[in-house]
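Summary of structural features
In case you want the letters, here they are:
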Amino acid sequence: YIIVVCFFGLVLTPLLMPIVWDIIWAYRWTIFWILAPTLAKIILQLMAKKLWCQRDNITHRRLFSFLDIALFWLGIMAGIATAITRFVTMVVVLLFGTTRLDKPIYPEWILKVFWIDFGNASYYAMIRMHHIHNNPTSNTFARLLSK
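So, a few notes on the structure that sits alongside this text. Treat the numbers as computed from the prediction; the structure is a model and nothing was measured.

1. Observations regarding the overall build of the protein chain
The number of helices and strands found in the protein chain is seven helices and zero strands. Taken from N to C terminus, the helices and strands of the protein chain fall in the order α-α-α-α-α-α-α. The C-alpha atoms of the protein chain give a radius of gyration of 27 Å, which is well past the 15 Å a tight globule of 147 residues would have. For the protein chain, the spread of C-alpha atoms along the principal axes amounts to about 90 × 40 × 35 Å. Every one of the 147 residues in the protein chain was classed for burial, and the buried ones make up 10%. Long-range contacts, defined here as pairs at least 24 residues apart, represent 24% of the contacts in the protein chain between residues at least 6 apart. Carbon and sulfur atoms form 73% of the exposed surface of the protein chain, whose accessible area is close to 12800 Å².

2. Description of the side chain of asparagine 120
Structurally, asparagine 120 is set in helix H6 (residues 118-133). The contact partners of asparagine 120, leaving out residues within four places of it in the chain, are Leu101, Asp102, Lys103, Pro104 and Trp115.

3. What to know about the packing of aromatic side chains
By the definition in use, this model includes four aromatic pairs. Ring centres 5.9 Å apart and planes at 85° place the aromatic pair tryptophan 29 and phenylalanine 32 in the edge-to-face group. Of the two residues, tryptophan 29 and phenylalanine 32 both sit in helix H3 (residues 28-51), three residues apart, roughly one turn of that helix. Looking at tryptophan 29, the relative accessible area reads 56%, which means it is exposed.

4. Quick look at the environment of proline 37
Along the chain, the position of proline 37 falls in helix H3. In the structure, proline 37 is positioned 37 residues away from leucine 74 in sequence and 5.6 Å away in space, judged by C-alpha atoms. Those residues in contact with proline 37 that lie beyond four places of it in its chain are Leu74, Met77 and Ala78.

5. Side note on the environment of aspartate 102
Position of aspartate 102 relative to the elements: it lies in the loop between helix H4 (61-97) and helix H5 (108-113). By relative accessible area, which is 32% here, aspartate 102 ends up partly exposed. Sequence separation between aspartate 102 and isoleucine 58 is 44 residues; the distance between their C-alpha atoms is 61 Å. Setting aside its immediate chain neighbours within four residues, aspartate 102 contacts Asn120, Tyr123 and Tyr124.

Rules of the game
Residues numbered from 1 in each chain as written. Predicted model: local features only at pLDDT ≥ 70, side-chain atom pairs only at ≥ 80, totals over all residues. Heavy atoms only, no water. Helix = DSSP H or I, 4+ residues; strand = E, 2+ residues; numbered from the N terminus. Rg over C-alpha atoms; globule rule 2.2 N^0.38 Å. Buried < 20%, exposed > 50% of the residue type's maximum accessible area, 1.4 Å probe, protein only. Contact = heavy atoms within 4.5 Å. Areas by Shrake-Rupley, 256 points an atom, 1.4 Å probe, with all protein chains shown as cover. Phe/Tyr/Trp six-rings, centres within 6.5 Å; stacked < 30°, edge-to-face > 60°.

Dropping the structure here:
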């Protein structure tokens, strides 16, 4: 049941929405070049296991060494693509999180466990500082002390 809900909720729903599909289609080559190194690495590893490896030994050592070098560079490219994807995800979450600083973007039960909404926390800190330093009673007392 959970797999079906996740499939329909995470895969089919965005693809059925025309705006999301237009965005994905507009950035299809960018998405392809982000996913291509990872897919190439998986295909090369499967090919090497089938063709050049047996259960206990490697049958073609030269080809396997070239494959090892290729997988090394594909791993670096996949790591860079993953870093770019994480950075873009972080920027999108920050943009959505800073649109309403007066309301936390996380549910209350998450914020009771650990406070991770730093934009909302700084907004609350500013409101509290403004309230403390603009209290009429303390301002009048400070003015009377300074005379």
